[in-house]
Amino acid sequence: MFNTRIKIKTLLATGKPGDQVTVMGWVRTFRNNQFVALNDGSTNNNLQVVVELGLLNEETLKRITTGASLKVTGEVVASVGKGQTIEVKAATLEILGDSDAEKYPLQPKKHSLEFLREKAHLRFRTNTFGAVFRIRHSLAFAVHQFFNQKGFVYLHTPIITASDAEGAGEMFRVTTLPMDGTAPKDAAGNIDYSEDFFGKSTNLTVSGQLEGELGAMAFSEIYTFGPTFRAENSNTTRHLAEFWMIEPEMAFHDIEDNMNLAEEFIQYLIRYAMEHNKEDLEFLDQRLAEEEKQKPQNERAEMGLLEKLNFVINNKFERITYTEAIQILLDSPAYKKKKFKYDVSWGIDMQSEHERYLVEKHFKKPVIVTGYPAKIKAFYMRLNDGCEPGKETVAAMDILAPGIGEIVGGSQREERLDKLEARMKDMHIPAEEMSWYLDTRRFGTVPHAGFGLGFERMVQFVTGMTNIRDVIPFARTPKNCEF
Ligand code: ATP
Ligand code: MN
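This is a predicted model, so every value here is computed, not measured.

(A) Spatial organisation of the site of ligand 1. Close contacts around ligand 1 come from 16 residues, with Glu232, His239, Glu406, Ile407 and Arg457 the closest. Glu232 has a polar side-chain atom sitting 2.5 Å from a nitrogen atom of ligand 1. His239 places a polar side-chain atom, nitrogen or oxygen, 2.7 Å from an oxygen atom of ligand 1. For ligand 1, the accessible surface in isolation is 590 Å², of which the surrounding protein chains cover 83%. Of all the secondary structure elements, the ones that give two or more residues to the shell around ligand 1 are strand S11 (242-251), strand S15 (405-412) and strand S16 (448-454). In terms of residue count, the dominant contributor to the shell around ligand 1 is S15 (four residues).

In structure tokens:
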């Protein structure tokens, strides 16, 4: 049998002097022709493998280079070196795969995140990305655990959709029609999608919510967790063209229940990572602290990563209305000194600078904003009763997080058929095409609510990585689709 190896994480945790073990991994460094730092991705910690003088010939020693893969058998011994309690004294050492030191892009030194983005196929082998993607895995696992424990049904909503009503973002078209100008045209000269693969115009999904609502109307509580696509041409540190979203949808929930669930969920995810990824988080905490030191004093974050995470799990999120948020902005020194690029008035779609002011400068903690103007929100959000004419608001809620901005967007849904139809008419959404959706309001409608959490933004928040491109294995952004 080939694979009788012990993983380095397990070995470092449970290995005892005298154990005979087999380990495999990639060389991080090789010092003094004697000490190999071996990593197999199970932990950020390297295993020190000691190659005693005379074990290997000159030629084999030369092949132990950064990036090469090894199989080592040997005895666990107590380590006298710094930073580890045990190491492995090699009895045999086999090179599984060579790595030409001249050509291997990852040198044993610190590389910039920008450089590593270009080498994304190899960056998993670095300390930083090892930590980030182990945490990403943990968080994904925790998402399922959280909802499973609560009895939510995991619903797989479609990736290819024909509904373009959601309006959450620009969509990518899906078609098999030829692109060379020979696609069939209708009488008006437009492309005739009835000849296309699905017999109609189709897109990649921007959100699974509408289908999620159908599930909630039968299972009571569902969640989706899948890829979503937005052709938004925004080159920011928090937008991807392909990202993963978690969308729970709950019958018999109002906006209050929705906020409570979202807050509990975020805190659960953070706690899970703190429990299961302690070492990786400590590493990233250090990393961030060093990065902060490079910045001028007034731009530095007030809290370290672990401090921030601890704070967020131990303090309730601030809850304010949109109207209150606008008032805070209008009263702010930033507004008075004309520091905002975009103007502030009731009715605006708050820009990222406004959201960041609220969470980073004013409240210094996550903030849940409710009661947004109906005009700037989607058609399915529930109209609040008793609004002043012209100042209609909906039961929407956005959660804004320090350093990220919007991390969750959600709402109580409009369950009253007449009100929903009126809104759709207002917003020129063809009711005929949405008949399947309206059926939920025709047959046994119930108050219900849900939200979407951008998974990468959550990973950013937990890892402290500032650029969203560094928390997804292979980022898709405008003009970039490598690997
Ligand atoms: P933003 O204003 O930041 O563009 P949005 O209002 O378009 O966000 P929603 O449509 O409410 O966002 O989507 C729900 C969640 O999905 C957001 O709260 C965010 O966490 C995440 N999200 C939205 N767009 C993106 C994107 N392009 N890349 C990564 N995550 C995203
Ligand atoms: Mn958006």
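There's plenty left to go through after this.
(B) Summary view of the packing of helix H4 (residues 127-149) against helix H14 (residues 455-463). Following both chains from N to C, one finds H4 and H14 inclined at 125°, their axes separated by 10 Å at the closest point. In terms of orientation, H4 lies oblique with respect to H14. Viewed along their axes, H4 and H14 form a crossing whose handedness is right-handed. From H4, Val132, Ile135, Arg136, Leu139, Ala140 and Val143 reach across to H14, where they touch Phe455, Glu456, Met458, Val459, Val462 and Thr463. Of the residues in the contact of H4 with H14, the class split is nine nonpolar, one polar and two charged.

(C) Structural view of the pattern of salt bridges. Summed over all chains, the structure comprises 25 salt bridges. Between Glu282 and Lys278 there is a salt bridge, with the nearest N and O atoms lying 3.0 Å from each other. Linking Glu282 with Lys278, this pair stays in helix H7 (residues 278-293), spanning four residues, or about one helical turn. Judged by its relative accessible area of 35%, Glu282 is partly exposed. Residue classification places Lys278 among the exposed positions, given a relative accessible area of 51%. Residues Glu415 and Arg382 are paired through a salt bridge, measuring 2.9 Å at the closest nitrogen-oxygen approach.

(D) Here's a closer look at helix H8 (residues 305-314). Buried within H8 are the following residues: Leu305, Lys308, Leu309, Val312 and Ile313. The buried residues of H8 occupy an angular sector of 125° when the element is viewed end-on, so they sit on one face.

Calculation notes
- Residues numbered from 1 in each chain as written.
- Chains lettered and ligands numbered in written order.
- Predicted model: local features only at pLDDT ≥ 70, side-chain atom pairs only at ≥ 80, totals over all residues.
- Heavy atoms only, no water.
- Near = heavy atom within 4 Å.
- Polar contact = N/O pair within 3.5 Å; in protein donor to acceptor, adjacent residues only side chain to side chain.
- Areas by Shrake-Rupley, 256 points an atom, 1.4 Å probe, with all protein chains shown as cover.
- Helix = DSSP H or I, 4+ residues; strand = E, 2+ residues; numbered from the N terminus.
- Axes fitted to C-alpha atoms, helices over the stretch in contact; angles between N-to-C directions.
- Parallel < 35°, antiparallel > 145°, perpendicular 65-115°, else oblique.
- Left-handed = near helix turned anticlockwise from the far one by under 90°.
- Contact = heavy atoms within 4.5 Å.
- Nonpolar A, V, L, I, M, F, W, Y, C, P; charged D, E, K, R; others polar.
- Salt bridge = Lys/Arg side-chain N within 4 Å of Asp/Glu carboxyl O.
- Buried < 20%, exposed > 50% of the residue type's maximum accessible area, 1.4 Å probe, protein only.
- Arc of directions from axis to C-beta.

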